[in-house]
Amino acid sequence: MFDNIWIGIILFTATSFVVGLSGAMVPGPMLTVTISDSLKKGVTAGPKIVIGHILVEFLLILLIFAGLGWLFGSGIAIVVIGIIGGSIMVIMGFQMAISSNSLEDLHKNSENSKGYSPVLNGILTSISNPYFFIWWATVGWAFMLKGIELAGILGVVGFLTGHWFSDLGWFSTVSFFTTKGSNIMKDNHYKIIMSVSGIFLMALGVYFVISSYVL
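None of these values were measured; they are calculated from a predicted model.

1. Focus on the pattern of salt bridges
Stage number 1. Tallied over the full model, the rule gives one salt bridge.
Stage number 2. When the shortest N-O distance is used, the salt bridge between Glu149 and Lys146 registers 3.8 Å. With Glu149 and Lys146 both in helix α7 (residues 130-151), this residue pair falls three residues apart, about one helical turn.
Stage number 3. The exposure class of Glu149 is exposed, given its relative accessible area of 62%.

Next up, the structure:
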C-alpha cells in the first residue's frame, strides 16, 4: 500500500509537470518579458522571473485554501483584472518597443542594476494576466483537490513540485538560449526583437482589456 501511494504521487507529479510545461510554452507576457530581461540581465533573468511568478502563485494558493477561490473566477474579478492587467501590459510593451538602448548600454547598465527587477517583472506579468487567475480558480484548484484525494498534503506538494519545475525548466531554458544568442547579436537585431516583443505585449494587453468588456 505504501509503495502504491508513492508511485501514485510520482506519476501525479510527472503529470503536473507535463501539464505545467504545456501551459508555460504558450506564448504570453511572461515569455516576452523573459526574453527582454534575458537580453538585459543575462541568464539568471529567467529563474528570477519564475521566482516572482511562484511568489504570486503561493499567495494565491493560500487565498484559495482560505475559501476565496470563487472570487478569482467571478465575472467582476475577471473584468477588473483584465482591464487593469491589460493596461499594465500595454505600458510595459510600449516602454519595451521604444527602448533606444544599444546592447553595449544594456550590458553596462545590467552590471549596476538591482537584481530584484526580473522578480518584480515576474510578479507584474502574473498579476496582470486575468487568465492566470482563471486557470488557478479552475484547473489549478482541480489538480490540488485531486492531489489531496490521492495523498493529502503530499499530493499537493507533488502537484506544486511538478508545476513549478516545469516553469523553472522552460523559462530558464529560454533565458539561457536568449543570452547565448545575444553574444552574437547586433544592435539592429536587438532593436527588432525588442520592438516585436513590445508590440506583441501591447497587443496582448489590448486583447485582455477588450475581452474583459465583452465578458
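2. Thoughts on the packing of helix α2 (residues 29-41) against helix α6 (residues 117-127)
Stage number 1. It is at 10 Å that the axes of α2 and α6 come closest, and there the two elements cross at 170°. Viewed along their axes, α2 and α6 adopt a mutual orientation that is roughly antiparallel. Counting all contacts with α2, which are made through Pro29, Met30, Val33, Asp37 and Lys41, the residues of α6 involved are Ser117, Pro118, Asn121 and Thr125.
Stage number 2. The class makeup of the residues in the contact of α2 with α6 is four nonpolar, three polar and two charged.

3. What to know about α2
Helical geometry: 3.6 residues make up each α-helical turn, so side chains three or four residues apart lie on a common side.
Stage number 1. Its 13 residues give α2 an end-to-end C-alpha distance of 17 Å, which sits within 8% of 18 Å, the value for a rise of 1.5 Å per residue.
Stage number 2. Directly after α2, the chain includes Gly42, whose backbone phi takes a positive value near 100°.

Rules behind the numbers
Residues numbered from 1 in each chain as written. Predicted model: local features only at pLDDT ≥ 70, side-chain atom pairs only at ≥ 80, totals over all residues. Heavy atoms only, no water. Salt bridge = Lys/Arg side-chain N within 4 Å of Asp/Glu carboxyl O. Helix = DSSP H or I, 4+ residues; strand = E, 2+ residues; numbered from the N terminus. Buried < 20%, exposed > 50% of the residue type's maximum accessible area, 1.4 Å probe, protein only. Axes fitted to C-alpha atoms, helices over the stretch in contact; angles between N-to-C directions. Parallel < 35°, antiparallel > 145°, perpendicular 65-115°, else oblique. Contact = heavy atoms within 4.5 Å. Nonpolar A, V, L, I, M, F, W, Y, C, P; charged D, E, K, R; others polar. Expected span 1.5 Å × (residues − 1).

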